[in-house]
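What the coordinates show
Listed here are the chains, written in short residue letters.
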Amino acid sequence: LIFSAVTFHPTMMTSTKPMAARRQAACVTRSRAATQQRRSTIVRRAQSGPGGNSMEDMKKAAEALKGLDLGNMGKLMENARKAQQQVQQEAMQVQAEMAVTEFEGFDEDETVRAVLTGDQRPTAVELTDAAMQKSPEELGKAITEAYQDAHTKSSVALKERMRELANKLGLPTPPM
């Protein structure tokens, strides 16, 4: 038997959290403290008199910002919303089409046929007489192969349909 000595430092036993969680909590606490310190510095600078960052200077800057024309920004946001709605509508249409499309899969010997919809719902399994002559283990394997084949065909069709949608909308095409 080999024994190794393990020593515990008293501060290691103060928390039941794992070390990574304690480190993350410490980072969050330091980040909050740094944010609070930056805020107080900004407030102090704003409240200071001569030095360029007085409250009066900040009010002047705010007034200057009010005069900017942000109309183009509004149009940009509106266009982005419209594009997002179009993408959502098209994606929902693709999902609806895939839900009613059926994909057949077969085992290696083509004694088992499995049918899945495009949204991965199984709809049918057909067994030939030759499949019924197989042992339970062989039959289970054949059914699994048929479902895997149908699933693969369904996934490939969905990826291809999404690629077509991306091309139609002028978006980057997803990898195959």
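Let's shift gears to the pairing of strand β3 (residues 122-127). Where strand β2 (residues 112-117) lies against β3, five bridges are found, and the strand directions are antiparallel. Residue pairing for β3: Leu116 is matched across the bridge by Pro122. Counted along the chain from β2 to the antiparallel partner β3, the turn is four residues long, and its residue Gln120 has a positive phi close to 70°.

Counted under the stated rule, the structure contains nine salt bridges. Across the salt bridge formed by Arg161 and Glu97, the nearest N and O atoms sit 3.1 Å from each other. One end of the pair, Arg161, is in helix α5 (residues 136-169); the other, Glu97, is in helix α3 (residues 71-100), with 64 residues separating them in the sequence. The class of Glu97 is partly exposed, set by a relative accessible area of 30%. Between Glu164 and Arg161 there is a salt bridge whose closest N-O contact spans 3.9 Å. Taken as a pair, Glu164 and Arg161 lie in helix α5 at a separation of three residues, close to a single helical turn. Taking relative accessible area as the criterion, Arg161 reaches 23% and is therefore assigned partly exposed.

Relative to the helices and strands, Glu90 resides in helix α3. A polar contact of 3.3 Å, which involves the side chain of Glu90, links it to the side chain of Lys168.

Read across the open sheet, the three strands follow the order β1-β2-β3; overall the sheet is antiparallel. Looking along the sheet, the strands with just one partner apiece sit at the ends: β1 (102-106) and β3. Adjacent strand axes in the sheet meet at a mean angle of 15°, parallel and antiparallel pairs treated alike. On top of the sheet, α5 reaches β1, β2 and β3; it is set at about 140° to β1, its chief contact.

Trans is the common state for peptide bonds, and a negative phi is the common state for residues other than glycine. Positioned with a positive phi, Glu110 is a non-glycine residue whose angle comes to about 60°. For Glu110, the position within the fold is in the loop between β1 and β2. For Glu110, a relative accessible area of 58% gives the class exposed. Even without being a glycine, Gln120 presents a positive backbone phi close to 70°. The residue Gln120 is located in the loop between β2 and β3 in this model.

Further remarks concern a nonpolar patch on the surface. Judged by side-chain polarity, Val125, Leu127 and Met132 come together as a nonpolar surface patch covering roughly 250 Å² of accessible area. For Leu127, the location among the structural elements is in strand β3. The exposure class assigned to Leu127 is partly exposed, which follows from its relative accessible area of 36%.

Among soluble globular proteins, nonpolar side chains are generally buried collectively. Residues Val112, Ala114, Ala131, Leu139, Ala142 and Ala146 constitute the largest nonpolar core, which totals six residues. When contributions to this core are tallied by element, the ones reaching two or more residues are β2 and α5. Counting residues per element, this core draws most heavily on α5, at three residues. Leave out the neighbours within four places in its chain, and Ala131 touches Thr111, Val112 and Leu139.

A few words now on the pairing of β1. On β1, burial follows the alternation: Phe103 and Gly105 on one face are buried, whereas Glu102, Glu104 and Phe106 on the facing-out side are not. Sheet topology note: the β1/β2 ladder contains five bridges and is antiparallel. Residue pairing in the sheet places Phe103 in a bridge with Leu116 of β2. Here β1 folds back onto β2, and the loop between the two strands holds five residues, one of which, Glu110, carries a positive phi near 60°.

Thresholds applied
Residues numbered from 1 in each chain as written. Predicted model: local features only at pLDDT ≥ 70, side-chain atom pairs only at ≥ 80, totals over all residues. Heavy atoms only, no water. Pairing = 2+ DSSP bridges. Helix = DSSP H or I, 4+ residues; strand = E, 2+ residues; numbered from the N terminus. Salt bridge = Lys/Arg side-chain N within 4 Å of Asp/Glu carboxyl O. Buried < 20%, exposed > 50% of the residue type's maximum accessible area, 1.4 Å probe, protein only. Polar contact = N/O pair within 3.5 Å; in protein donor to acceptor, adjacent residues only side chain to side chain. Axes fitted to C-alpha atoms, helices over the stretch in contact; angles between N-to-C directions. Contact = heavy atoms within 4.5 Å. Patch = residues over 30% accessible without salt bridge, like charges linked within 9 Å, V, L, I, M, F, W, Y side chains within 5 Å. Areas by Shrake-Rupley, 256 points an atom, 1.4 Å probe, with all protein chains shown as cover. Core = buried A, V, L, I, M, F, W, Y, C linked by side-chain atoms within 4.5 Å.

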